[in-house]
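# Secondary and tertiary structure notes
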Amino acid sequence: MSSSMFAKFKTRLRPIITTWLAGAIALLPLFVTVTIIGWLVGLLNQFIGPDSVIGQLFGALGQPFVSNPKLAYFLGTVLLLIGIYPLGVAVQSRLKRPLAQLINLTLRRIPLIGSLYNLADRFVRVLDQNQDRDIGTMSPVWCFFGGDGVAVLALMPNPEPVNLDGRDYYAVLVPTAPVPIGGGLLYVPAEWVRPANIGVDKLTSIYVSMGMSPPPPLRSGDASRDVAGDVPGESSGKDDPPMR
């Protein structure tokens, strides 16, 4: 094939490839969504599916009513969901304290099972406390590692610094793309953190799009502002009168 024919072939092929890439990019969010849903369904099926230990317990609840294992699992799950409601009514009523005392006198006193129950109870209590906190109160911030190095877009849950060995650090949550509900908790020096001046929704969209949705530019004036003063309801203290 001569060079002229190859050039013509390449010229004709380029718009086809460009169009295909445009279609692939348009399909990518749907593909990521379906992949995440499939992963969650598979994870749930592994732990509470019909073949799991918990699934067999669900099937045992429905076994007296139907003989088919699948129908027994489904019916047992429905019966368990219905049975949780009166338990919630009891917990919200005056029976909450007697139920807690009953668990303390029985389940918590079993050596191994009691330790596992205490650990699970503490974890659930932490989750229940976090539900009272709105993620919208967190502040999106930029973290410049090294002071002027790699920039990472993160969430700062608490504007109060933590003093470590005489140096102030901020706790920041660095999400993962494209699933921002995961990530890591880092403590970075206070001087490395700058307010991002964007909402949590914008930060989430940036991570979900895997960077295809760019963040707004950061101006030098915004970068020099106090991070704690950028939190709603907080004051940076720059405009306060001097203490006498």
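Described in the following lines is the structure provided in the data block. (Residues numbered from 1 in each chain as written. Predicted model: local features only at pLDDT ≥ 70, side-chain atom pairs only at ≥ 80, totals over all residues. Heavy atoms only, no water.)

## So, the overall build of the protein
Put simply, the test is: Helical segments are the DSSP runs of H or I of at least four residues, strand segments are the runs of E of at least two, and each set is numbered from the N terminus. Residue exposure (1.4 Å probe, protein chains only): buried if accessible area is under 20% of the type maximum, exposed if over 50%, otherwise partly exposed. The contact criterion used throughout is that any non-hydrogen atoms of two residues lie within 4.5 Å. For accessible areas, the Shrake-Rupley method is used with a probe of radius 1.4 Å. Any residue's cover is judged against the shown protein chains and nothing else.
Each helix and strand counted, the protein has seven helices and six strands in total. Scanning the protein from its N terminus toward the C terminus, one meets helices and strands in the order α-α-α-α-α-β-β-β-β-β-β-α-α. A total of 244 residues make up the protein; the buried ones form 20% of that total. A separation of at least 24 residues holds for 41% of the contacts in the protein among residues at least 6 apart in sequence. Summed over all atoms, the accessible surface of the protein reaches about 18,200 Å², with 65% contributed by carbon and sulfur.

## Examining helix H6 (residues 200-208)
Heads up, the condition is: Each C-beta atom gives one direction from the helix axis, and the arc is the one those directions make.
For H6, every residue scored as buried is listed here: Val200, Leu203, Ile206 and Tyr207. For H6, the angular spread of the buried residues around the axis is 120 degrees, confining them to a single face. Those residues of H6 that are buried are in contact with strand S1 (139-144), strand S2 (151-156) and strand S4 (167-175). Following H6 by one or two positions, methionine 210 has its phi on the positive side, about 55 degrees.

## Comments concerning the environment of tyrosine 117
Assignment of secondary structure puts tyrosine 117 in helix H5 (residues 111-131). A relative accessible area of 26% means that tyrosine 117 is categorised as partly exposed. Along the primary structure tyrosine 117 and leucine 107 are separated by 10 residues, whereas in three dimensions their C-alpha atoms are 7.7 Å apart.

## Description of unusual backbone geometry
Each neighbour pair has its own omega, and for alanine 177 with proline 178 the value is 0 degrees, a cis peptide bond. As for its placement among the helices and strands, proline 178 is situated in the loop between S4 and strand S5 (183-189). Even without glycine at this site, aspartate 165 takes up a positive phi of about 55 degrees. Its location among the elements puts aspartate 165 in the loop between strand S3 (162-164) and S4.

## Points about the pattern of salt bridges
Threshold: We count a salt bridge whenever a side-chain nitrogen from Lys or Arg sits within 4 Å of a carboxyl oxygen from Asp or Glu.
Scanning all chains against the criterion turns up one salt bridge. Where arginine 167 meets glutamate 191, a salt bridge forms, and the shortest distance between an N and an O atom there is 2.5 Å. Linking arginine 167 in strand S4 with glutamate 191 in the loop between S5 and strand S6 (193-195), this pair joins segments that are 24 residues apart in sequence. With a relative accessible area of 39%, glutamate 191 lands in the partly exposed category.

## Regarding the pairing of S2
Just so we agree on the cut-off: Two strands qualify as a pair provided that DSSP identifies no fewer than 2 bridges between them.
Burial analysis of S2 places five of its six residues in the buried class, which makes it a mostly covered element. The hairpin formed by S1 and S2 contains six residues between the paired strands, and glycine 146 there has a positive phi angle of roughly 85 degrees.

## What about a nonpolar patch on the surface?
Let me state the cut-off plainly: Like charges are joined within 9 Å and nonpolar side chains (Val, Leu, Ile, Met, Phe, Trp, Tyr) within 5 Å, but only among residues with over 30% relative accessible area and no salt bridge; these make up the patches.
The grouping of Trp39, Leu40, Leu43, Leu44, Phe47, Ile48 and Ile54 at the surface amounts to a nonpolar patch, some 670 Å² of accessible area in total. With six residues, the top contributor of residues to the nonpolar patch is helix H1 (residues 3-48). When you line up the elements, isoleucine 54 lands in helix H2 (residues 53-62). For isoleucine 54, a relative accessible area of 37% puts it in the partly exposed group.

## Quick notes on the pairing of S4
Sheet topology places S3 next to S4; three bridges connect them, and they run antiparallel. For leucine 164, the partnering residue across the bridge sits in S4 and is arginine 167. Hairpin remark: S3 followed by S4, antiparallel, with two residues in the connecting loop; positive phi at aspartate 165, about 55 degrees. Pairing analysis gives seven bridges linking S4 to S5, with the strands arranged antiparallel. Considered in S5, the bridge of alanine 171 is made with tyrosine 187.

## Points about H2
Of the residues making up H2, those classed as buried are Gly55, Phe58, Gly59 and Gly62. Viewed end-on, H2 has its buried residues packed into an arc of 100 degrees, placing them on one side of the element. Exposed residues pointing more than 90 degrees away from the buried face of H2 are listed as Val53, Gln56 and Leu57.

## A short note on the packing of aromatic side chains
The condition that has to hold: Pairing of aromatic side chains here covers Phe, Tyr and the six-membered ring of Trp, requires ring centres within 6.5 Å, and sorts the geometry by plane angle: under 30 degrees stacked, over 60 edge-to-face, intermediate tilted.
In the structure shown here, the tally under the stated rule is two aromatic pairs. On the numbers, 6.5 Å between centres and 35 degrees between planes, the contact of tryptophan 142 with phenylalanine 144 is tilted. A residue is classified by how much of its surface remains accessible, and tryptophan 142, at 13% relative accessible area, is buried. Where phenylalanine 145 meets tryptophan 192, the ring centres are 6.0 Å apart and the plane angle is 70 degrees; that geometry is what we call edge-to-face. Taken as a pair, phenylalanine 145 in the loop between S1 and S2 and tryptophan 192 in the loop between S5 and S6 lie far apart in primary sequence, 47 residues in all. Judged by its relative accessible area of 22%, tryptophan 192 is partly exposed.

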